[in-house]
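Topology and contacts: notes
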Amino acid sequence: MTKIGKRLKKAYENLDAVAAYSLEEAVKIIKTRATAKFDETVEIALNLNIDTRKADQSLRGMIQLPNGTGKTLRVAVFAKDEKAKEALAAGADFVGTDDLADKVQKGEIAFDRCIATPDMMLVVGKLGKVLGPKGLMPNPKLGTVTPNVAEAVKAAKGGQIEYRAEKAGIVHGGVGKVSFTEKALVENIKMFVEVINKARPSGIKGAYLKKISLSSTMGPSVRVDLADFAS
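The following paragraphs examine the structure supplied in this document. (Residues numbered from 1 in each chain as written. Predicted model: local features only at pLDDT ≥ 70, side-chain atom pairs only at ≥ 80, totals over all residues. Heavy atoms only, no water.)

Observations regarding the sheet that holds strand β5 (residues 94-96)
With parallel pairing, 3 strands are arranged side by side in an open sheet as β5-β4-β6. The open sheet has two free edges, formed respectively by β5 and β6 (113-116), since each of these has just one partner strand. Adjacent strand axes in the sheet meet at a mean angle of 15°, parallel and antiparallel pairs treated alike. Sheet analysis places strand β4 (residues 75-78) next to β6, joined by 4 bridges and oriented parallel. Looking at β6, one finds that V75 is bridged to R113. Docked against the sheet, helix α4 (residues 98-105) engages β4 and β5, running at close to 130° with respect to β4. Docked against the sheet, helix α7 (residues 149-157) engages β4 and β6, running at close to 165° with respect to β4. (Pairing = 2+ DSSP bridges. Helix = DSSP H or I, 4+ residues; strand = E, 2+ residues; numbered from the N terminus. Axes fitted to C-alpha atoms, helices over the stretch in contact; angles between N-to-C directions. Contact = heavy atoms within 4.5 Å.)

Next up, the structure:
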């Protein structure tokens with residue numbers, strides 16, 4: 001049986017684990033009960049009424065958070081000539097072709113997002129076994145295989161995050177840091193939920209959003225009232 005530490009026990013004091021709080025209340029609770037000695041990430045988890053075994057219900061995409069994530073994303077770009085220059089000017093951390101591919105093959109993966117121009121996919125395609133398991137393989141559906149590398153780099157650096165539904169129909173992601181203002185966190189959370197709502201598969205019957213919870217890295221989980229997101 002998992003033992004709960006004193007710090008987490010204190011974080012749960014006088015907190016109704018069953019109650020659903022308004023979004024603003026939930027954010028306030030998360031911020032005030034985050035007591036770790038570092039800037040904790042605020043995380044959201046959405047329990048959806050989907051069956052990920054069905055191809056049309058396997059959700060995956062990108063979300064541009066209006067206030068960023070509070071994390072500096074390291075971006076690698078496979079591009080050459082003018083596109084390579086554009087990527088560097090946009091703030092890419094690593095830019096290359098075969099030289100970058102060689103580093104990846106050796107396990108030198110010091111980046112969090114990988115972008116490629118379409119003409120570089122012959123090179124990048126060979127890296128599937130390395131990048132795929134880490135969720136870093138460029139994908140045209142996610143906008144990471146694109147001729148507009150500068151735009152893709154700026155989006156990644158500006159707070160764009162990837163979401164993907166797990167087998168149990170849960171989508172989760174980081175929506176900021178506890179050091180963010182309550183207003184900034186609320187705006188990010190609303191955007192996250194809005195995007196997921198828009199991605200609702202057409203074949204879903206009944207309620208789509210079953211449960212929304214917020215937590216910080218080392219803090220308690222707080223349930224959010226779904227009425228705050230009623231369309």
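Observations regarding the layout of surface pockets
Counted as a void, the largest pocket has a volume near 700 Å³. Lining the largest pocket are 27 residues, with K71, L73, R113, I161 and E162 sitting closest to its centre. Going through the elements one at a time, β3 (60-64), β6, β7 (160-164) and β8 (170-177) are the ones with two or more residues in the lining of the largest pocket. Taken together, the residues of the lining of the largest pocket break down into 9 nonpolar, 10 polar and 8 charged. (1 Å grid on protein atoms, 1.4 Å probe; cavity = no way out; pocket = protein on both sides within 12 Å on 5 of 7 lines; lining within 4 Å. Points joined across faces, edges and corners; volume = space filled by probe spheres on them. Nonpolar A, V, L, I, M, F, W, Y, C, P; charged D, E, K, R; others polar.)

Thoughts on a negative patch on the surface
A grouping of E24, E25, E182 and D228 is seen on the molecular surface, where their side chains present a negatively charged patch. Tracing the chain through its elements places D228 in the segment after β10 (221-224). Exposure remark for D228: the relative accessible area of 34% places this residue in the partly exposed category. (Patch = residues over 30% accessible without salt bridge, like charges linked within 9 Å, V, L, I, M, F, W, Y side chains within 5 Å. Areas by Shrake-Rupley, 256 points an atom, 1.4 Å probe, with all protein chains shown as cover. Salt bridge = Lys/Arg side-chain N within 4 Å of Asp/Glu carboxyl O. Lys, Arg positive; Asp, Glu negative; His and termini not counted. Charge placed at Lys NZ, Arg CZ, Asp CG, Glu CD. Buried < 20%, exposed > 50% of the residue type's maximum accessible area, 1.4 Å probe, protein only.)

Digging into the pairing of strand β2 (residues 41-48)
The pairing of β2 with β8 spans 6 bridges and is antiparallel. Opposite A45, over in β8, you have H172 as the bridge partner. In this sheet, strand β9 (residues 209-216) lies alongside β2 in antiparallel orientation, the contact comprising 7 bridges. Within β9, the position partnered with N47 by the bridge is K211.

A few points about the pattern of salt bridges
For the coordinates displayed, the defined rule picks out 8 salt bridges. Of the charged contacts in the structure, one is a salt bridge between D93 and K157, with a shortest N-O distance of 2.7 Å. In this pair, D93 is assigned in the loop between α3 (81-90) and β5 and K157 in helix α7, connecting sequence segments 64 residues apart. Owing to a relative accessible area of 36%, D93 belongs among the partly exposed residues under this scheme. Ionic pairing is found between K183 and E187, a salt bridge with its closest N-O pair at 2.7 Å. With K183 and E187 both in helix α8 (residues 182-198), this residue pair falls 4 residues apart, about one helical turn. Residue E187 is classed as partly exposed on the basis of its relative accessible area, which comes to 30%.

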